[in-house]
Amino acid sequence: MTYETSIDLSAHVRKASVALLQARLSDALDLEAQAKQAHWNVRGRHFLQLHGLFDAVHGEVEEFVDLLAERITTLGHVADGRVQTTAGATTLYDYPLAAHGGDAHLRALAASLALFGKAVRAAIDAAAQAGDATTADLFTQISRGADKQLWLLEAHLIAD
Ligand SMILES: [Fe+2]
């Protein structure tokens, strides 16, 4: 179902943007859960630092989720954040339940974050081509944030 809006984007353009936004919303919701999975289960010598880092990543991803969902509703559509939809639509890696130790959690979360970042970057161009520069800008904002979070994770994986 859709809602009337006086936004000066055609129904066709809005539908194209919403498809892009919904796909990345499912990924972002999965990523949010994966960050908590790492936050709760990490153990090891750097526990306290990584426990905090993974929660900070979760907080950033939560912002992405809100940006994506509220752009969908802004465009007159229904944002689908249901767990069942997320599970069926996510394109991220399954988070390894057996991961233990800081590096395993860093690698698992970084891999999913990198996939998310790649898909968001592709969505920038797709939204622009669909004729919605505003949604393209939102994807650009999220892409910048995702790249930064990936840096924070990967910086911990360099041997010192
Ligand atoms: Fe916590």
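All figures in this text were calculated on a predicted structure; none of them were measured in a lab.

Another point: the overall build of the protein chain. Scanning the protein chain from N- to C-terminus turns up five helices and zero strands. In sequence order, the secondary structure elements of the protein chain are arranged as α-α-α-α-α. For the C-alpha atoms alone, the extent of the protein chain along its principal axes is close to 55 × 30 × 20 Å. Pairs at least 24 apart in sequence give 79% of the contacts found in the protein chain among residues at least 6 apart. Element-wise, carbon and sulfur atoms account for 55% of the exposed surface of the protein chain, whose accessible area totals about 8,900 Å². Distance from the positive charge centre (13 side chains) to the negative charge centre (20 side chains) of the protein chain: 4 Å.

Looking now at the pattern of salt bridges. Enumeration over the complete set of coordinates arrives at six salt bridges. Residue K36 pairs with D55 through a salt bridge whose shortest N-O separation is 2.7 Å. In this pair, K36 is assigned in helix α1 (residues 11-41) and D55 in helix α2 (residues 47-74), connecting sequence segments 19 residues apart. A relative accessible area of 29% means that D55 is categorised as partly exposed. The residue R121 makes a salt bridge to D147 at a minimum N-O spacing of 2.8 Å. Residue R121 is found in helix α4 (residues 102-130), and its partner D147 is found in helix α5 (residues 133-154); the two are separated by 26 residues along the sequence. By relative accessible area, which is 40% here, R121 ends up partly exposed. The partly exposed category is assigned to D147, whose relative accessible area is 32%.

Attention shifts here to the nonpolar core. One finds F54, L68, L109, F116, F139 and L153 to be the most contacted residues of the largest nonpolar core, which totals 40 residues. Elements represented by at least two residues in this core include exactly α1, α2, α4 and α5. Once residues within four sequence positions are removed from consideration, L109 is found in contact with L31, Q34, A35, A38, F54, V57, Y95 and L153.

Take D30: it is sitting in helix α1. Sequence spacing of D30 and L92 is 62 residues, and the spatial spacing of their C-alpha atoms is 7.4 Å.

Before going further, it helps to examine a negative patch on the surface. Together, E60, E62, E63, D66 and E70 give the surface a local cluster of negative charge. Looking at where D66 falls in the secondary structure, it is placed in helix α2. For D66, a relative accessible area of 41% gives the class partly exposed.

Under the feature "domain: Ferritin/DPS" (unreviewed entry), the UniProt entry names residues 19-157. When the span residues 19-157 is considered, its composition is 78% helix and 0% strand, and the gap between its end C-alpha atoms is 35 Å.

Moving on, we come to α4. A rise of 1.5 Å per residue sets the reference length of α4, with its 29 residues, at 42 Å; its end C-alpha atoms lie 41 Å apart and thus fit the reference within 8%. Two residues or fewer past α4, G131 is found with a positive phi of approximately 100°.

Side chains of M1, Y3 and V78 sit close together on the surface and give an oily, nonpolar patch of about 370 Å² of accessible area. Structurally, the position occupied by V78 is in the loop between α2 and α3 (83-89).

Each value, and the rule that gives it
- Residues numbered from 1 in each chain as written.
- Predicted model: local features only at pLDDT ≥ 70, side-chain atom pairs only at ≥ 80, totals over all residues.
- Heavy atoms only, no water.
- Helix = DSSP H or I, 4+ residues; strand = E, 2+ residues; numbered from the N terminus.
- Contact = heavy atoms within 4.5 Å.
- Areas by Shrake-Rupley, 256 points an atom, 1.4 Å probe, with all protein chains shown as cover.
- Lys, Arg positive; Asp, Glu negative; His and termini not counted.
- Charge placed at Lys NZ, Arg CZ, Asp CG, Glu CD.
- Salt bridge = Lys/Arg side-chain N within 4 Å of Asp/Glu carboxyl O.
- Buried < 20%, exposed > 50% of the residue type's maximum accessible area, 1.4 Å probe, protein only.
- Core = buried A, V, L, I, M, F, W, Y, C linked by side-chain atoms within 4.5 Å.
- Patch = residues over 30% accessible without salt bridge, like charges linked within 9 Å, V, L, I, M, F, W, Y side chains within 5 Å.
- UniProt positions renumbered as here; feature names shortened; annotations may be inferred.
- Expected span 1.5 Å × (residues − 1).

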